[in-house]
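Residues per chain, in single letters:
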Amino acid sequence: AQSENVLGYFVNVERIPNSCSHPPNHITLKDREILVNISMAYYRINISAYNEAGESPPATYIVPEFSVTDLPGQIHAKSQGTNAVVTWTPEYNPKCFVVDWGTGKDDMQMKIITTATRNFTLDNFQPYKLYKIMVHASDVCQCESFIGCEKTFGVTDFYFVEGVPRTGPANVTILNITKNSALVKWTKIAAEDLLGFLQGYRISYTDSSRKKSPAVTLNSSTTSYHLTGLKGQTTYRVQISGFTNAGEGPLTLSQPFSTPKYGTV
């Protein structure tokens, strides 16, 4: 409603993190559109309008995470002692690397690596937390603005130490029950409860005589399974767990269901 009184806009673009402690890039423009060439690092953008009376409070926008597709390099991270060693293939030697690592936009560290190297070491990792490591290639190797100068070379997720899932999947339900089959559905384990890279799920079920059927192992993207070979007029109890490379997490609460005596097989 006040746009006819606006003389222009101030745009501040700040990289997160910004260990160089430089002020954000300050851009003044008349239009309501700007094209900024940035890497896949996090960026904070503040936009305010101004007129003869002064400047408005800023609107703040955090550039969201990009999907990791078609990057020129592939980076790898592995635990070594109390640190993580990051390597990459194929060999790539820009003027320098700019590395970000942390658990999210509010917890990122930044490191500029100016020496020719095939790997580097990062620290300050805690067990059971999911970290994102981003490696950017840059022709700017001093504490200057990296906007427009760095290109993301590789991104990887990393657990310094993996744990077993804290919980099983949620919302376990049994549907489409027939004399000899039933459909089991569930909601995937929340990311904050995984504590490691989820490798898959295991379904265990027993009948009313407490006879335990062989556990079914499924991949991590599966959220439903069709139980077959069931007996009619029988009560079953189903439990599901998730597992990582560190082992299997707790089973869900026992979910009962009963098959009918007659019906479609």
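What counts and how
- Residues numbered from 1 in each chain as written.
- Predicted model: local features only at pLDDT ≥ 70, side-chain atom pairs only at ≥ 80, totals over all residues.
- Heavy atoms only, no water.
- Helix = DSSP H or I, 4+ residues; strand = E, 2+ residues; numbered from the N terminus.
- Rg over C-alpha atoms; globule rule 2.2 N^0.38 Å.
- Buried < 20%, exposed > 50% of the residue type's maximum accessible area, 1.4 Å probe, protein only.
- Contact = heavy atoms within 4.5 Å.
- Areas by Shrake-Rupley, 256 points an atom, 1.4 Å probe, with all protein chains shown as cover.
- UniProt positions renumbered as here; feature names shortened; annotations may be inferred.
- Phe/Tyr/Trp six-rings, centres within 6.5 Å; stacked < 30°, edge-to-face > 60°.
- Domains from an automatic or database assignment.
- Buried area = accessible area lost by both parts, 1.4 Å probe.
- Salt bridge = Lys/Arg side-chain N within 4 Å of Asp/Glu carboxyl O.
- Polar contact = N/O pair within 3.5 Å; in protein donor to acceptor, adjacent residues only side chain to side chain.
- Pairing = 2+ DSSP bridges.
- Axes fitted to C-alpha atoms, helices over the stretch in contact; angles between N-to-C directions.

**Student:** Describe in detail the overall build of the protein, supporting the description with residues and values.
**Tutor:** Each helix and strand counted, the protein has 0 helices and 20 strands in total. For a compact globule of 265 residues, the expected C-alpha radius of gyration is about 18 Å, and the protein comes in at 26 Å, more than 25% above that figure. Oriented by its inertia axes, the alpha-carbon framework of the protein measures out at about 80 × 55 × 30 Å. Burial statistics for the protein: of 265 residues in total, 40% are counted as buried. For the protein, restricting intrachain contacts to residue pairs at least 6 apart in sequence, the fraction spanning at least 24 positions comes to 64%. Counting only carbon and sulfur atoms, one obtains 49% of the accessible surface of the protein, whose full area is about 15100 Å².

**Student:** I'd like a description of the UniProt feature "domain: Fibronectin type-III" (unreviewed entry) in the protein, backed by residues and values.
**Tutor:** The sites that UniProt annotates as "domain: Fibronectin type-III" (unreviewed entry) are residues 168–262. Between the C-alpha atoms that bound residues 168–262 there is a distance of 33 Å. The span itself is 0% helix and 46% strand.

**Student:** So what's going on with the packing of aromatic side chains? Residues and values would help.
**Tutor:** A full pass over the atoms with the stated rule returns 12 aromatic pairs. Between W88 and F120 the ring centres are 5.4 Å apart and the planes differ by 40°, which places this aromatic pair in the tilted class. Remark: F120 occurs in strand β10 (residues 119–122) and W88 occurs in strand β7 (residues 83–89); sequence separation between them is 32 residues. Looking at F120, the relative accessible area reads 6%, which means it is buried. Arranged with centres 4.8 Å apart and planes meeting at 70°, the rings of F125 and Y131 form a pair that is edge-to-face. Of the two residues, F125 and Y131, both sit in the buried class. Among the aromatic residues, those joined into a cluster by ring pairs are W88, F97, F120 and F153.

**Student:** Explain unusual backbone geometry residue by residue, including any values.
**Tutor:** With an omega dihedral of -5°, the bond running from I16 to P17 counts as a cis peptide bond. Looking at the element boundaries, P17 is found in the loop between β1 (8–16) and β2 (25–29). Positive phi outside glycine occurs at R210, with the angle close to 70°. With respect to the helices and strands, R210 occurs in the loop between β15 (200–207) and β16 (216–219). Given the relative accessible area of 75%, R210 is considered exposed. With a phi close to 50°, Q233 is a non-glycine residue in the positive phi region. Assignment of secondary structure puts Q233 in the loop between β17 (224–227) and β18 (235–244). What makes Q233 exposed here is its relative accessible area of 55%.

**Student:** With reference to specific residues and values, describe the domain arrangement of the protein.
**Tutor:** Along its sequence, the protein is organised into domain 1 (8–63), domain 2 (75–159) and domain 3 (173–259). Across the boundary between the two partners, domain 1 contributes 18 residues, which contact 20 residues of domain 2. Counting the surface lost from both domain 1 and domain 2, the interface buries some 1600 Å², and carbon and sulfur atoms represent 65% of this. Together, R15, C20 and Y42 form the three largest contributors to the area buried by domain 1 at its contact with domain 2, with a combined 34%. Seen at the junction of domain 1 and domain 2, the total is 2 salt bridges. The partner of D100 in a salt bridge is R15, and the shortest N-O contact between them spans 2.8 Å. Where domain 1 touches domain 2, the interface holds 6 residue pairs in polar contact (both at pLDDT 80 or more). It is β1 that contributes the most residues to the side of domain 1 that touches domain 2, 3 residues altogether.

**Student:** Give a detailed account of the side chain of T222, specifying residues and quantitative values.
**Tutor:** By the element assignment, T222 lies in the loop between β16 and β17. Looking at T222, its side chain comes within polar contact range of the side chain of N219, at 2.8 Å. Among residues more than four places away in sequence, those in contact with T222 are W186 and Y201.

**Student:** Before we move on, can you summarise the sheet that holds β10 with the specific residues and values?
**Tutor:** Read from one edge to the other, the open sheet built from 3 strands follows the order β6-β7-β10, with strand pairing classed as antiparallel. In this open sheet, the two edge strands, each paired with only one partner strand, are β6 (74–80) and β10. Averaged over all pairs of adjacent strands, the angle between strand axes in this sheet comes to 25°, irrespective of strand direction. The pairing of β7 with β10 spans 4 bridges and is classified as antiparallel. Bridged to A84 within β10 is L122.

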